[in-house]
Amino acid sequence: MSSDETASATAPQPVSGLYTWQDTPIDVQPIAGAPAAPLLPIRSEELRLDVDGRYPQMTASGIATIGLAGRVAWIATLTPAAGGGWSGAIWFKDGLTAIFGYTKVSITVQQPNVNAAPLSATVTFSDGGPVFTRVYQYASRFFHTMNMEFDCATGSAINLDFDTASHPNRPTSLAKEKLTIQEVFKRAGFDVTTSAGSNTKVPISGAGGNAKWSNQELHDAMQVHWSQRAAEAKWAVWVFFASLHEQGTSLGGIMFDDIGAQQRQGAAIFNDAFIKVPPPGEPPPTKAAWVDRMNFWTACHETGHTFNLAHSWQKALASGGKGPWIPMTNLPEARTFMNYPYNVQGSTPAFFKNFEYRFIDQELLFMRHAPERFVEQGNAVWFDHHGFEQANVAKQPALKFEISIDKPSASYEFLEPVVLEMRLTNISDQAQLVPENILKSLERVTAIVKRDGDPAKQYAPYAHYCYHADQVPLKPGECLSDSLFISAGTTGWSVSEPGYYTIQLALDYGAEEIVSNVMRIRVAIANDRDEERIAQDYFSDHVGRILAFDGSTFLTKGNGILQSVVDRLPHCNAAIHAAVPLALTMGQQTQVLSYDGATPKLTQTNADIGAATASLAPLMADTARAIATLGAIDYDYYAARLGNMLTQAGVPNVAERLTIRGEKAKATSRPRSKGASAQK
Amino acid sequence: MATLNIALEEGFDNDQVIVTINGKRFERSGVTTKLQIGLAEMFETNVSDGTITIDVALPERPLNGSYQVEAKDTVFVGISAEGQTIRLRHSSQTFGYA
């Protein structure tokens, strides 16, 4: 048991640790005549209070599940408050920060008496929004849980502990104890469990003929022998003891796992490296303790790297686009597991003279309070493998969010843009008030697109639209719907290369999230070399913007690419999409701002109805096919808009060739019944 | 004869590094520090006992420096790029990385 755990039952109990909150219904604004009903009630949040116990950081941090991405992480520095408890400023936010404006927290803890475990913590958020109070239930004296597995190569030993009294060179205040690796990380705030799969003897044959381990061989061994291995991020680490790395005796250990999608899950300690060789002046009676100490330091050091901790002299280093999570300073003299004892002034004896076998405060702050994705082993690409699987789903949802397409199958041609229909339906038996333009603005919609074998991407539209926040009642069975061109956005083309894609959306509904169904689509390979050649220019920002905004008079290069699609690939669905912006651009009189020297001037461009009509050939050739690829919502909108344009231009006979299906608005900003939408 | 163990340590990020030892040129490209051990790569060469000159150049940054080291038996040399300077350290004991 740790020294913390052996504390007397009558001793004051620390209040630091993890607190959680979940499952509180959210009241929504009642509709006149209808009873108020809870709407999507499930959320969970966390509070990490760090004000006492081992190495208090006088910090609180939390997770608020607001929106799909789920999470706003916040960190505040605390000082004792006059009336009890603590208060302080929030100095770090990560996630959907725009909807979490609070800058101050005040915290009190509810505890029956100082000798009893706390029951709850009350947090008041203020400054930056309406004062808001939340009560979190005490969950653990630790901030996170994690699992450690310790294995070794045949012929090598696992060394988990160190007798702090065994070497005389130590701080006078250092407790004399048998300190374990697990206990070091418990003191850092982690509820460490040791894997039942520990103590596996890994055949030395895994190191190849030279019996020395390369990083790749270590990684392979981890894949085979780590019982906790999973293709996902998890609070778990594999610590492997072996003789030597292929680099030789100069490498005492390494966090070797910088390969693949899940990294920082494995560390190795080389028992026969330089850490086994005491300096010439080391007295014989303490040589064994010297070796034990270096081995223990190395194990904790390498395990520390798996938490994303840098060396203490690299704290401020940015390299390869990666840097510290907050501005930091290098600390080459720090007494921490993350420093090299032999590199400080006075070398190893000076280091251990006042090393207390701990991580320093800035490291503890990071490990305990930084957003989990920065710290958790194996956490890698944003949303990959997790995504919406972690989202909270309402037990009794009132609204259903769906995505669909109007194609008979979810197969797309190469170059064919993907347009989804989003539909928000009231599936409760009571009317619900919803923002009228909740789908149209896209501000509240988060979309994730993942091609099989690639990391997931968050779709970012080219524009968000700001609408007046009118609320409309949605009767039972009624829905709102709108289209979403998801192929391209500000982060590039989300759907381009052939392959299978998974698409999922979520709707941020205030403090709640409504997750859509998952859609799988397949993008076919190019039919011929001509498509491949066009693709080289087609998957560009210009083309994406023209398709998203239904035309441009400025992006002439993009227009040329789309014209080549219409001319050279008229049989392809991409030509139908290309036809729309080209016709809308060419069929309208426009004014273009240009400069004659420093003098601005407006140049008028006349409509070219002939060219516009010609470009519409792919769209008008097969209405059913056009509806399928454009989606019914967009098809109706385009047909109406193009029809008006052609009629006004004096070619009603051409306009008549556009099949008008009756709906004029691009989206149903007003509620409609299921029956009405089912006509598509 | 002495053995010179050269370690390219901190501060390298896809760099071209030219180490010239008593006029003998060693060139490495794509040198990148593995941050978790503070080391990019190592190589050895034999030199005559006595004072040797080690010139280090990173032509793409550009950085360069010249150093003299007494060579006897085995000498371990660590070279790092720190900001606008090149730092060199040497020892008769192996440097430890972890």
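If you're wondering where the values come from, they're calculated on a predicted model, not measured in any experiment.

About the thresholds
Residues numbered from 1 in each chain as written. Chains lettered and ligands numbered in written order. Predicted model: local features only at pLDDT ≥ 70, side-chain atom pairs only at ≥ 80, totals over all residues. Helix = DSSP H or I, 4+ residues; strand = E, 2+ residues; numbered from the N terminus. Buried ≥ 20, exposed ≤ 12 C-beta atoms within 10 Å, placed from the backbone. Contact = placed C-beta atoms within 7 Å. Pairing = 2+ DSSP bridges. Nonpolar A, V, L, I, M, F, W, Y, C, P; charged D, E, K, R; others polar. pLDDT = per-residue confidence, 0-100. Axes fitted to C-alpha atoms, helices over the stretch in contact; angles between N-to-C directions. Parallel < 35°, antiparallel > 145°, perpendicular 65-115°, else oblique. Left-handed = near helix turned anticlockwise from the far one by under 90°. Core = buried A, V, L, I, M, F, W, Y, C linked by C-beta atoms within 7 Å. Domains from an automatic or database assignment.

## Structural notes on the overall build of chain B
Of the regular secondary structure elements, chain B holds zero helices and eight strands. When the elements of chain B are put in sequence order from the N terminus, they spell out β-β-β-β-β-β-β-β. Within chain B, buried positions represent 34% of all 98 residues. Within chain B, contacts between residues at least 6 apart in sequence are counted, and of these 53% link residues at least 24 apart.

## Some points on the overall build of chain A
The helix and strand inventory of chain A stands at 16 helices and 33 strands. Counting only residues that meet the buried cut, chain A has 44% of its 680 residues in that class.

## Things to note about the environment of A:L424
In this fold, A:L424 is placed in strand β20 (residues 419-426). For the pair A:L424 and A:I403, spaced 21 residues apart in the sequence, the C-alpha separation amounts to 9.0 Å.

## As for the pairing of strand β8 (residues 85-91) of chain B
Residues and elements named next belong to chain B. Across seven bridges, the pairing between strand β7 (residues 74-82) and β8 is antiparallel. Paired with V77 across the bridge in β8 is H90. Taken together, β7 and the strand that follows it, β8, pair antiparallel across an intervening segment of two residues, in which G83 is found at a positive phi of about 60°.

## Focus: the interface of chain B and chain A
Contacts between chain B and chain A engage ten residues on the former and 19 residues on the latter. Within the side of chain B that touches chain A, the residues separate by chemical class into five nonpolar, four polar and one charged.

## Structural notes on the confidence of the model for chain B
Mean pLDDT over chain B: 94, with 100% of residues reaching 70 or higher. This prediction of the complex comes with two scores: 0.63 for pTM and 0.89 for ipTM.

## Considerations on the packing of helix α13 (residues 623-630) of chain A against helix α14 (residues 632-648) of chain A
Helix-helix packing is characterised by the crossing angle of the two axes and by the distance between the axes. All names here are of chain A. For the pair α13 and α14, interaxial distance at closest approach is 6 Å and the crossing angle is 120°. Our classification of the angle between α13 and α14 gives oblique. For the crossing formed where α13 meets α14, the hand is right-handed. The segment α13 lies against α14, with A626, I627 and L630 engaging A632, D634, Y635 and Y638. Residues of the contact of α13 with α14, tallied by class, amount to six nonpolar, no polar and one charged.

## So, unusual backbone geometry
Here the residue pair B:R61 and B:P62 is connected by a cis peptide bond, since its omega of -20° sits within 30 degrees of zero. Relative to the elements of secondary structure, B:P62 occurs in the loop between β5 (50-58) and β6 (63-71). Even without a glycine there, the phi angle at A:L415 is positive, about 80°. Looking at the element boundaries, A:L415 is found in the loop between β19 (411-412) and β20. On the basis of neighbour counts, which here come to 26 C-beta atoms within 10 Å, the residue A:L415 falls in the buried class. A positive phi angle is found at B:N14, which is not glycine, with a value near 55°. Take B:N14: it is sitting in the loop between β1 (2-8) and β2 (15-21). Exposure remark for B:N14: the 12 C-beta atoms within 10 Å place this residue in the exposed category.

## So, the sheet that holds β6(B)
Residue and element names in this part refer to chain B. Judged by pairing direction, the sheet is antiparallel, and its four strands sit side by side in the order β3-β2-β5-β6 without closing on themselves. Each having just a single partner strand, β3 (24-31) and β6 make up the two edges of the open sheet. Between one strand and the next, the sheet's axes are offset by a mean angle of 20°, whatever the strand orientation. The sheet contact formed by β2 and β3 spans six bridges and is antiparallel. By the bridge assignment for β3, V17 is matched with R28.

## Focus on helix α2 (residues 215-225) of chain A
Residues of α2(A) that are buried include every one of A:E217, A:L218, A:H219, A:A221 and A:M222, and no others. Buried residues in α2(A) make contact with β14 (201-202), β15 (236-242) and β17 (266-270) of chain A.

## Re the confidence of the model for chain A
All names here are of chain A. Chain-level statistics for chain A give a pLDDT mean of 85 and a share of 86% at 70 or above. Overall, residues 1-7 carries pLDDT values under 50, and its contacts beyond four positions in sequence, including any with other chains, amount to four contacts. Segment residues 24-42 is flagged for pLDDT under 50; beyond a separation of four residues in sequence, or across chains, it makes 42 contacts in the model.

## Quick word on the nonpolar core
As a rule of thumb, nonpolar side chains are buried together in soluble globular proteins. Residues and elements named next belong to chain A. Residues I107, A121, V239, F240, A242 and A268 are the most contacted members of the largest nonpolar core, which totals 118 residues. Here this core spans two domains, and each of domain 1 (17-140) and domain 2 (144-375) adds at least three residues to it. Setting aside chain neighbours within four positions, we find V239 in contact with M148, E149, F150, A267, A299 and T303.

## Structural notes on the sheet that holds β8(B)
Each strand in a sheet pairs with another by means of backbone hydrogen bonds, the pair being arranged parallel or else antiparallel. Residue and element names in this part refer to chain B. Read across the sheet, four strands follow the order β4-β1-β7-β8 without closing on themselves; strand pairing throughout is mixed. Both outer strands of the open sheet, β4 (41-47) and β8, are each paired with one neighbouring strand and no more. Shown here is a sheet whose adjacent strand axes are inclined to one another by a mean of 20°, direction ignored. When β1 meets β4, the two strands line up antiparallel, connected through seven bridges. Looking at the pairing, L4 lines up with T45 of β4.

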